[in-house]
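# Observations on chain architecture
Single-letter residue listing:
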Amino acid sequence: MMKIYKLSMLFIAICTSLLFVQCSDDDDNVINLATCNDGIKNGDEEGVDCGGSACGPCEEAFTGTYVQEDIMGRPGINTVFSGSPEVKNNFNTTTVTGRADFTPIFENTLETYHDVYAEALGLDPANVNYETNILGLDAPTFSKVLAEFDALQVAPNAQTVYFDPSTEVALTGRNIDDDVIDISLILMFGGGDINNLNFDGSDGSPLLISDSVGFGDRQVVDFPYLETPNM
């Protein structure tokens, strides 16, 4: 009987020691070996898997106010027609409902460009003015389009192009090889006849309707329009 009693006590002692060792391991794991990807708020974490000495900071819910910083959708419109850094910054931070205020500023800038070029050519600025352009837009209408609709339109069921002289479709989108700078200059200085544009460099006149920069020899395919890599 005494032998059986001693064996029983030994068995209980062994089980008890194993229990304490196991509990100690678990506690060490929770407190000292906390990880930042176990989905548990442990260690000194401030949140679940964030904050504390080991994990990155916890994200806080945004409580401020979003501010519009830029609305320029067509290349160069804001930079070219704003006339000053102050107007440019104001235009960038103005929502759609307030853009009408910039139409007269854009129109004045458009006419000022013609005066500057007239003086450079030794001509009377009164005789060198913006003419209704190839889209049939006079100065007030063109300025309104630039100021109030400064975004690239999309034609989901029609031709998508910046301008196609053969169809006279314009500003319905943009292809990768559309020369948006030349078209923008033509709309500003070219007049209303696509086949007889003003300031085309002929007969000694200045070339104001092109930046003379072509598409080059780039080879592009379908979207995302990446050029063939150099091997």
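Residues numbered from 1 in each chain as written. Predicted model: local features only at pLDDT ≥ 70, side-chain atom pairs only at ≥ 80, totals over all residues. Heavy atoms only, no water.

Before going further, it helps to spend a moment on the nonpolar core. Of all hydrophobic cores here, the largest spans 32 residues; its most connected members are Phe 81, Phe 106, Phe 142 and Phe 189. The biggest single contributor to this core is helix α6 (residues 180-189), with 7 residues. In contact with Phe 189, not counting residues within four places along its chain, are Tyr 113, His 114, Tyr 117, Asn 198, Phe 199, Leu 208 and Ile 209. (Core = buried A, V, L, I, M, F, W, Y, C linked by side-chain atoms within 4.5 Å. Buried < 20%, exposed > 50% of the residue type's maximum accessible area, 1.4 Å probe, protein only. Helix = DSSP H or I, 4+ residues; strand = E, 2+ residues; numbered from the N terminus. Contact = heavy atoms within 4.5 Å.)

Looking now at the state of the cysteines. Put plainly, a disulfide is one covalent bond tying together the sulfur atoms of two cysteines. All told, the structure shown has 2 disulfides when counted by the stated rule. Between the sulfur atoms of Cys 36 and its disulfide mate Cys 55 the distance is 1.9 Å. The sign of the -95° torsion about the S-S bond sets the Cys 36-Cys 55 disulfide as left-handed. Of this pair, Cys 36 sits in the loop between α1 (2-31) and α2 (77-81) while Cys 55 sits in the loop between α1 and α2, and the two are 19 residues apart along the sequence. In the protein chain, the bonded cysteines, numbered by position in the sequence, are linked as 1-3, 2-4. (Disulfide = S-S within 2.5 Å.)

Next up on the list: the environment of Gly 216. As for its position among the elements, Gly 216 is in the segment after α6. Separated by 39 residues in the primary sequence, Gly 216 and Asp 177 have C-alpha atoms spaced 10.0 Å apart.

A few words now on the environment of Ala 126. Relative to the assigned elements, Ala 126 resides in the loop between α4 (103-120) and α5 (139-148). Remark: the alpha-carbon pair of Ala 126 and His 114, spanning 12 residues in sequence, is separated by 9.5 Å.

To continue, consider the side chain of Asp 182. Mapped onto the fold, Asp 182 is located in helix α6. No salt bridge forms around the buried Asp 182; measuring N to O, its nearest opposite-charge neighbour Arg 174 is 11 Å away. Among the polar contacts listed, one links the side chain of Asp 182 to the backbone nitrogen of Asp 211, at a separation of 3.0 Å. In this view, Asp 182 contacts Ile 209, Ser 210, Asp 211 and Ser 212; residues no more than four positions away in its chain are not counted. (Lys, Arg positive; Asp, Glu negative; His and termini not counted. Salt bridge = Lys/Arg side-chain N within 4 Å of Asp/Glu carboxyl O. Polar contact = N/O pair within 3.5 Å; in protein donor to acceptor, adjacent residues only side chain to side chain.)

A word on the pattern of salt bridges. Any two side chains of opposite charge can pair, so long as their charged atoms come close to each other. Overall, the coordinates contain 1 salt bridge when judged by the stated rule. Salt-bridge contacts for Lys 144 lead to Glu 148; the nearest nitrogen and oxygen are separated by 2.9 Å. With a gap of 4 residues between them, Lys 144 and Glu 148 both fall in helix α5, about one helical turn apart.

As a further point, take the confidence of the model for the protein chain. Taken over all residues, the pLDDT of the protein chain has a mean of 80, while the share at 70 or more is 80%. Looking over the protein chain, one finds the lowest element-wise mean pLDDT in α1, namely 50, and the highest in α4, namely 93. (pLDDT = per-residue confidence, 0-100.)

For α6, the buried fraction is high: 9 of the 10 residues fall into the buried class. Those residues of α6 lying buried are Val 180, Asp 182, Ile 183, Ser 184, Leu 185, Ile 186, Leu 187, Met 188 and Phe 189. For α6, the elements touching its buried residues are α2, α4, α5 and β1 (163-164). Downstream of α6 by one or two residues, Gly 191 has phi in the positive range, about 85°.

This structure, assessed with the given rule, holds 7 aromatic pairs. Here Phe 91 and Phe 102 contribute two aromatic rings whose centre-to-centre distance is 5.0 Å and whose plane-to-plane angle is 70°, an arrangement assigned as edge-to-face. With Phe 91 in helix α3 (residues 85-92) and Phe 102 in the loop between α3 and α4, the pair connects residues that are 11 residues apart, well separated along the chain. Residue classification places Phe 102 among the buried residues on the basis of a relative accessible area of 8%. Geometrically, the ring pair formed by Phe 91 and Phe 106 is tilted, given 5.1 Å between the ring centres and 55° between the ring planes. Here Phe 91, found in helix α3, pairs with Phe 106, found in helix α4; they are 15 residues apart in sequence, far enough to count as distant. Here Phe 91 falls in the buried class, since its relative accessible area comes to 0%. (Phe/Tyr/Trp six-rings, centres within 6.5 Å; stacked < 30°, edge-to-face > 60°.)

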